[in-house]
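Coordinate inspection notes
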Amino acid sequence: MEENVIKQFLGRKNKGEMATEQKVHVFEEVSKHNSNKDCWLIINGKVYDVTPFMEDHPGGDEVLLSATGKDATNDFEDVGHSDSARELMEKYYVGEIDVSTVPQKRAYVPPQQPQYNHDKTSEFVIKILQVIVPLLILGLAFVVRQYVTQE
């Protein structure tokens with residue numbers, strides 16, 4: 001009797017079977033679960049509490065922690081997990097994510113940087129030097145030519 005009540009409460013008939021009534025979580029709530037002792041991931045629109053799996057994950061707990069606070073679908077798919085890993089996920093399933101609460105991905109825009117000036121001189125000084133240095137070389141060449149032709 002008590003076991004049936006527990007199964008009914010969990011909404012599962014067998015261990016590992018997904019709940020029939022799916023709880024919908026908002027992104028803000030899921031993103032709060034981002035520590036070794038409480039780690040939730042969003043993968044393919046589903047929310048998984050992977051806390052019990054932290055120590056057993058082949059890539060280490062750092063990999064799982066780096067995937068918290070975002071939609072980790074791409075991280076999960078890029079690794080190429082096996083079918084058995086995908087089946088194992090079912091026992092950590094806790095509900096669906098409300099996709100309207102997940103922040104949109106933004107394209108990376110590098111910060112605007114001024115042109116590199118390693119000696120930190122002002123642009124005005126550089127422009128002056130661009131005019132004066134050639135004139136000095138021309139003047140020096142003229143002086144050398146005068147000196148050589150006088151002798």
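Report follows, based on the coordinates. All values reported here derive from a predicted model rather than from experimental measurement.

**Quick notes on the packing of aromatic side chains**
Scanning the model with the defined rule gives 2 aromatic pairs in all. Residues Tyr-48 and Tyr-93 carry aromatic rings whose centres are separated by 6.0 Å and whose planes lie at 70° to one another, so their mutual orientation is edge-to-face. Linking Tyr-48 in strand β4 (residues 46-49) with Tyr-93 in strand β5 (residues 93-97), this pair joins segments that are 45 residues apart in sequence. On the basis of relative accessible area, Tyr-48 is assigned to the buried category, the value being 7%. Between Phe-53 and Tyr-92 the ring centres are 5.7 Å apart and the planes differ by 40°, which places this aromatic pair in the tilted class. Taken together, the residues Phe-53 in the loop between β4 and α3 (61-66) and Tyr-92 in the loop between α5 (83-89) and β5 connect sequence positions 39 residues apart. With respect to burial, Phe-53 and Tyr-92 carry one shared label: buried.

Conventions adopted
Within each chain, residues carry numbers counting from 1 in the order of the written sequence. For this predicted model, a pLDDT threshold of at least 70 governs which residues receive local features, and a threshold of 80 or more governs which side-chain atom pairs are given and counted, while totals over whole chains, interfaces and linings are taken from all residues. Only hydrogens and water are set aside; all other atoms, that is, all heavy atoms of the structure, feed into the side-chain values. Classification of ring pairs rests on two measures: the distance between centres of Phe, Tyr or Trp rings, Trp counted by its six-membered ring, which must be within 6.5 Å, and the angle between planes, read as stacked under 30 degrees, edge-to-face over 60 and tilted in between. A helix here means a DSSP run of H or I that spans at least four residues, while a strand means a run of E at least two residues long, and both kinds are numbered starting from the N terminus. Relative accessibility decides the category of a residue: with a 1.4 Å probe and only protein chains considered, values under 20% of the type maximum give buried, values over 50% give exposed, and everything between is partly exposed.

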